[in-house]
Amino acid sequence: MQSLGIDVLLKGSNFLRLLTGLWTAVRISLISVAISIALGILAGMLMTSKSTLVKVLMRVYLEIVRIMPQMVLLFIVYFGTTRVFGLNLEAETAAIIVFTFWGTAEMGDLVRGALISIPRIQYESAAALGMSETAAFRYVILPQTVRRLIPLSINLITRMIKTTSLVMMIGIVEVLKVGQQIIEANRKTSPNAAFGVFAVVFLMYFLICWPVSRLAARLEKRWA
Amino acid sequence: MKKIRKNTIIAALTALGLGAALASPALADESFRTLDEIKESGTINIGVFSDKSPFGYVGENGDYQGYDVYLAEHLGEDLGVEINYVSTEAANRIEYLQTGKVDIILANFTVTPERAEEVDFALPYMNVALGVVSPEDAVIESLDDIGEDDQVIVISGTTAETYLVKNNPEIKLQKYDAYAEAKTAFENGNGVAWANDNTEVIAFSIENEGYVVGIPSLGSADTIAPAVTKGNETLLNWLNEEIVALGEENFFHADYEATLLDTYGADYEDTLVIEGGAVAGSETEAE
């Protein structure tokens, strides 16, 4: 145990490569989360729809997302679309589609939960004040929903960042893959590099996810 | 409750249907790029490993290196195109070819009959077989040297395990899940020998004093070859001609000396390298 192998990160541009990989992971999750939040609010409204057909369809969508491992979804979107439709998606686009597909369903379910948690009296009071249904939703229900939602959706962000390690399966070189590359390239000269490199990768995930989850905790306290 | 269950079934069926649709043979027409199309575009997409040193890996400055990459570089030069390296995993190599997302796979791809139904292999450029390493004071030179109570170390899920279970069920195996565990167990003398891919055991014997590869080549000798999308004849033919031509200048020996010599030593050069696509002893098999 002479060295923990952190020194391999100082060779050449290894550390920069690791950071570039981290940015790739964070970029994919941030874009996906942004789209998921917008679409998720819509999905959540549909989930609370009065129409049974819409509710069943949304239920099926949510179940598909929950049943299918993200890895399968990645393969279907990246390779499957090319096979079936001859559509050649960029790997990163495919990843964002999958993460958004997943995020929208999860977000939708959170929105659904937040919407039904708003007491009936809020709707009734709004109606009593002469607000139309749309206006009541826009000015009374939605602001309260969003408050309850933000802490929950931030947890989704951290989950997404962690799941980005799967995108290496469709050829995207993100932080964990760069870590593996560095370890392998130095297998002979620093056999212990695995420990040091994975420790640094862990630290990077932590430094990204920890502030995000602290923020969630703070918002939860302030708005609860 | 009843409703939820019904919905779950619908969801599962939809998922199954989707899966079945995707598993059926490609509906899209020719998914690959012909030789001329590649030349015209000025770039070739080559799938390589990015973390399998010394075959395909990424150096400290982010450039691809290794035995497979050395060949890829040369192919790019002779085609007169830029190379776009795609980092592949063992599990997605066939998928990449079938969807035409890469033109050639050069990722330590072992030729098997099952794979040959899915992709087209060009002429081989390397041999792989199983090997058995043992301590130098009790060298196992043939499987008959293994006593009744002796145990042989293998890693679960490797070809070595499958081969020994099938062909020598009388040999007692000690199975480990990971390379590191098997290595430690072997070094501690838990088994009389360790069976694995011959490249792995040769590398081990070179890195660790006191061990000899008593059986350097066991079982059916497999080969490693470039692969292209099934039916991409123009590219396949060009590759085959290229590999034969490269053989005349002893290209693959130079490749070995540049990339594998440090790991496998000079003794195994002729065991591992295939020059010009000609498999030693059975020239016809290369077809």
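Thresholds, definitions, all that
Residues numbered from 1 in each chain as written. Chains lettered and ligands numbered in written order. Predicted model: local features only at pLDDT ≥ 70, side-chain atom pairs only at ≥ 80, totals over all residues. Heavy atoms only, no water. Pairing = 2+ DSSP bridges. Helix = DSSP H or I, 4+ residues; strand = E, 2+ residues; numbered from the N terminus. Axes fitted to C-alpha atoms, helices over the stretch in contact; angles between N-to-C directions. Buried < 20%, exposed > 50% of the residue type's maximum accessible area, 1.4 Å probe, protein only. Contact = heavy atoms within 4.5 Å. Buried area = accessible area lost by both parts, 1.4 Å probe. Salt bridge = Lys/Arg side-chain N within 4 Å of Asp/Glu carboxyl O. Polar contact = N/O pair within 3.5 Å; in protein donor to acceptor, adjacent residues only side chain to side chain. pLDDT = per-residue confidence, 0-100. Phe/Tyr/Trp six-rings, centres within 6.5 Å; stacked < 30°, edge-to-face > 60°. Lys NZ or Arg CZ within 6 Å of the ring centre and 35° of its normal.

### Section: the sheet that holds strand E10 (residues 172-176) of chain B
All names here are of chain B.
Then, number 1: If you walk across this open sheet you meet the five strands as E10-E9-E11-E8-E12, and the pairing is mixed. Either end of the sheet is taken by a strand with one partner, and the two such strands are E10 and strand E12 (211-224). Recorded for the sheet is a direction-independent mean angle of 25° between the axes of neighbouring strands.
Then, number 2: The pairing of strand E9 (residues 151-155) with strand E11 (residues 193-197) spans two bridges and is classified as parallel. Counted as the bridge partner of Ile153 is Trp194 from E11.

### Considering the environment of Lys39 of chain B
Residue and element names in this part refer to chain B.
Then, number 1: Considering the arrangement of structural elements, one finds Lys39 in helix H2 (residues 35-41).
Then, number 2: Take Lys39: its relative accessible area is 40%, and that puts it in the partly exposed class.
Then, number 3: On a C-alpha basis, the gap between Lys39 and Leu79 in space is 6.8 Å, while along the polypeptide they are 40 residues apart.
Then, number 4: Other than its neighbours up to four places away in sequence, Lys39 contacts Leu79 and Val81.

### Considering the interface of chain A and chain B
Then, number 1: Taken together, the contact between chain A and chain B spans 36 residues of the former and 36 residues of the latter.
Then, number 2: Summed over both sides, the interface of chain A with chain B buries roughly 3200 Å², with 59% coming from carbon and sulfur.
Then, number 3: A salt bridge links Glu89 of chain B to Lys177 of chain A; the shortest N-O distance between them is 2.5 Å.
Then, number 4: Linking chain A to chain B there are 15 residue pairs in polar contact (both at pLDDT 80 or more).
Then, number 5: Breaking the side of chain A that touches chain B down by element, the ones donating at least two residues are helix H1 (14-47), helix H2 (52-67), helix H3 (70-85) and helix H7 (175-185) of chain A.
Then, number 6: With eight residues, the single largest contributor to the side of chain A that touches chain B is H3 of chain A.

### Digging into the confidence of the model for chain B
Residues and elements named next belong to chain B.
Then, number 1: Of all residues in chain B, 87% have pLDDT values of 70 or greater, and the mean over the chain is 86.
Then, number 2: Low pLDDT, under 50, characterises residues 1-7; the predicted model gives this stretch six contacts beyond four residues in sequence or across chains.
Then, number 3: Taken together, the stretch residues 281-287 has pLDDT below 50 and engages in five contacts with residues farther than four places along the chain or on a different chain.

### Digging into the pattern of salt bridges
Opposite charge on two side chains makes pairing possible when the charged atoms of those side chains draw close.
Then, number 1: Under the counting rule described, the total for this entry stands at 16 salt bridges over all chains.
Then, number 2: A salt bridge links Arg120 of chain A to Glu124 of chain A, with the nearest nitrogen and oxygen atoms 3.4 Å apart. Residue Arg120 of chain A and its partner Glu124 of chain A are located together in helix H5 (residues 120-128), separated by four residues, close to a single helical turn.
Then, number 3: Residue classification places Arg120 of chain A among the exposed positions, given a relative accessible area of 60%.
Then, number 4: The shortest N-O distance in the salt bridge between Asp120 of chain B and Lys230 of chain B comes to 2.8 Å. Taken together, the positions of Asp120 of chain B in strand E7 (residues 119-121) and Lys230 of chain B in the loop between strand E13 (227-229) and helix H9 (233-248) put the pair 110 residues apart, joining distant regions of the chain.
Then, number 5: Given the relative accessible area of 39%, Lys230 of chain B is considered partly exposed.

### Structural notes on the sheet that holds strand E3 (residues 56-58) of chain B
Sheets are built from strands that pair by backbone hydrogen bonding, the pairs being arranged parallel or antiparallel.
All names here are of chain B.
Then, number 1: Strand order in the open sheet made by the three strands is E2-E3-E4, with antiparallel pairing throughout. The open sheet is flanked by strand E2 (51-52) and strand E4 (64-65), the only strands paired with a single partner.
Then, number 2: Sheet topology note: the E3/E4 ladder contains two bridges and is antiparallel. Bridging across to E4, Tyr57 finds its partner in Gln65.

### Things to note about the environment of Glu242 of chain B
Residues and elements named next belong to chain B.
Then, number 1: The topology assignment puts Glu242 in helix H9.
Then, number 2: Measuring from C-alpha to C-alpha, the distance between Glu242 and Asp78 comes to 8.7 Å, with 164 residues separating the pair along the chain.
Then, number 3: The residues contacting Glu242, other than those within four sequence positions of it, are His74, Leu75 and Asp78.

### So, the packing of aromatic side chains
Then, number 1: Following the criterion strictly, the structure yields 20 aromatic pairs over all chains and no others.
Then, number 2: Centre to centre, the rings of Tyr70 of chain B and Phe251 of chain B are 5.4 Å apart; their planes meet at 40°, and the pair counts as tilted. You can see Tyr70 of chain B sitting in helix H3 (residues 67-79) and its partner Phe251 of chain B sitting in helix H10 (residues 251-259), a full 181 residues away along the chain.
Then, number 3: Members of the aromatic cluster, connected to one another through ring pairs, are Tyr67, Tyr70, Tyr125, Phe251 and Phe252 of chain B.
Then, number 4: The ring of Tyr139 of chain A carries Arg138 of chain A above its face, with NZ or CZ at 4.8 Å from the centroid.
Then, number 5: Over the aromatic face of Tyr78 of chain A sits the side chain of Lys101 of chain B, whose NZ or CZ is 3.9 Å from the ring centroid.

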